[in-house]
Amino acid sequence: HADPEDVIDAARWVPVDAHTVIYVGHNPTAGELPHLLDDGSGDTGALTDVSMGYPTSAVTVFDVEAPWADLRMGKARLVDYFVGDRG
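Residues numbered from 1 in each chain as written. Predicted model: local features only at pLDDT ≥ 70, side-chain atom pairs only at ≥ 80, totals over all residues. Heavy atoms only, no water.

Student: What exactly am I supposed to notice about helix H2 (residues 29-37) here?
Tutor: Note that an α-helix has 3.6 residues per turn; residues three or four places apart therefore point the same way. For H2, every residue scored as buried is listed here: Thr29, Ala30, Gly31, Leu33, Pro34 and Leu37. Residues of H2 that are buried in the fold lie against helix H1 (4-11), helix H3 (44-51), strand E1 (58-63) and strand E2 (77-83). (Buried < 20%, exposed > 50% of the residue type's maximum accessible area, 1.4 Å probe, protein only. Helix = DSSP H or I, 4+ residues; strand = E, 2+ residues; numbered from the N terminus. Contact = heavy atoms within 4.5 Å.)

Structure representation (structure tokens):
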């Protein structure tokens, strides 16, 4: 039942040497995070796809340049979006 800010707060505790972080969660938070984290410089096609809905098995990939402790809304670059096979 965490909101997007709770997820971002938790990510700030990730060790500075962590190169990959995976958040697994549910909507509406999972579907809101891509819009809130995106800095506007990423893959516009992926952002358009995310805007069409965030179904089960969706994955959004971001590039985060700042240390995890400095993660804020609008401070990550959306680089890709996938939806797994639901068949």
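Student: What exactly am I supposed to notice about unusual backbone geometry here?
Tutor: With the exception of glycine, the majority of residues adopt a negative phi angle, and the majority of peptide bonds are in the trans configuration. Following Asn27, the chain continues into Pro28 via a peptide bond in cis, with omega recorded as 15°. Position of Pro28 relative to the elements: it lies in the loop between H1 and H2. With a phi angle near 75°, Ser57 is a residue other than glycine that sits in the positive phi range. Mapped onto the elements, Ser57 comes out in the loop between H3 and E1.

Student: Sorry, what's going on with the pattern of salt bridges here?
Tutor: Side-chain pairs of opposite charge can arise whenever the charged atoms involved come near each other. Enumeration over the complete set of coordinates arrives at three salt bridges. Note that Arg12 is salt-bridged to Glu5, the shortest N-O span being 3.3 Å. Among the residues examined, Arg12 registers a relative accessible area of 21% and is labelled partly exposed. Arg12 serves as the salt-bridge partner of Asp9, at 2.2 Å between the closest nitrogen and oxygen. Residue Asp9 is classed as partly exposed on the basis of its relative accessible area, which comes to 31%. One salt-bridge network, in which partners are shared between bridges, spans Glu5, Asp9 and Arg12. (Salt bridge = Lys/Arg side-chain N within 4 Å of Asp/Glu carboxyl O.)

Student: Is there a simple way to explain the packing of aromatic side chains in this structure?
Tutor: Each pair of aromatic rings is reported with the distance of its centres and the angle of its planes. Summed over all chains, the structure comprises one aromatic pair. Summarising the aromatic geometry, the rings of Tyr54 and Tyr81 are spaced 5.7 Å apart at their centres and angled 50° between planes, so their arrangement reads as tilted. Placement of the pair is Tyr54 in the loop between H3 and E1 and Tyr81 in strand E2, with a sequence separation of 27 residues. As far as the burial class goes, Tyr54 and Tyr81 line up, both buried. (Phe/Tyr/Trp six-rings, centres within 6.5 Å; stacked < 30°, edge-to-face > 60°.)

Student: Explanation requested: the side chain of Asp38 in the structure shown.
Tutor: Mapped onto the secondary structure, Asp38 falls in the loop between H2 and H3. The side chain of Asp38 sits in the buried core without any salt bridge; Arg77 is the nearest counter-charge, 7.9 Å away. Among the polar contacts listed, one links the side chain of Asp38 to the backbone nitrogen of Leu78, at a separation of 3.5 Å. (Lys, Arg positive; Asp, Glu negative; His and termini not counted. Polar contact = N/O pair within 3.5 Å; in protein donor to acceptor, adjacent residues only side chain to side chain.)

Student: Help me understand the packing of H1 against H2 in this model?
Tutor: Geometry of a packed helix pair, given as the angle between the helix axes and the separation of the axes. In contact at an axis separation of 9 Å, H1 and H2 are set at 70° when each is read in the N-to-C sense. When the axis of H1 is compared with that of H2, the two are roughly perpendicular. Every residue of H2 that contacts H1 at Pro4, Val7 and Ile8 is listed here: Thr29, Glu32, Leu33, Leu36 and Leu37. Residues of the contact of H1 with H2, tallied by class, amount to six nonpolar, one polar and one charged. (Axes fitted to C-alpha atoms, helices over the stretch in contact; angles between N-to-C directions. Parallel < 35°, antiparallel > 145°, perpendicular 65-115°, else oblique. Nonpolar A, V, L, I, M, F, W, Y, C, P; charged D, E, K, R; others polar.)

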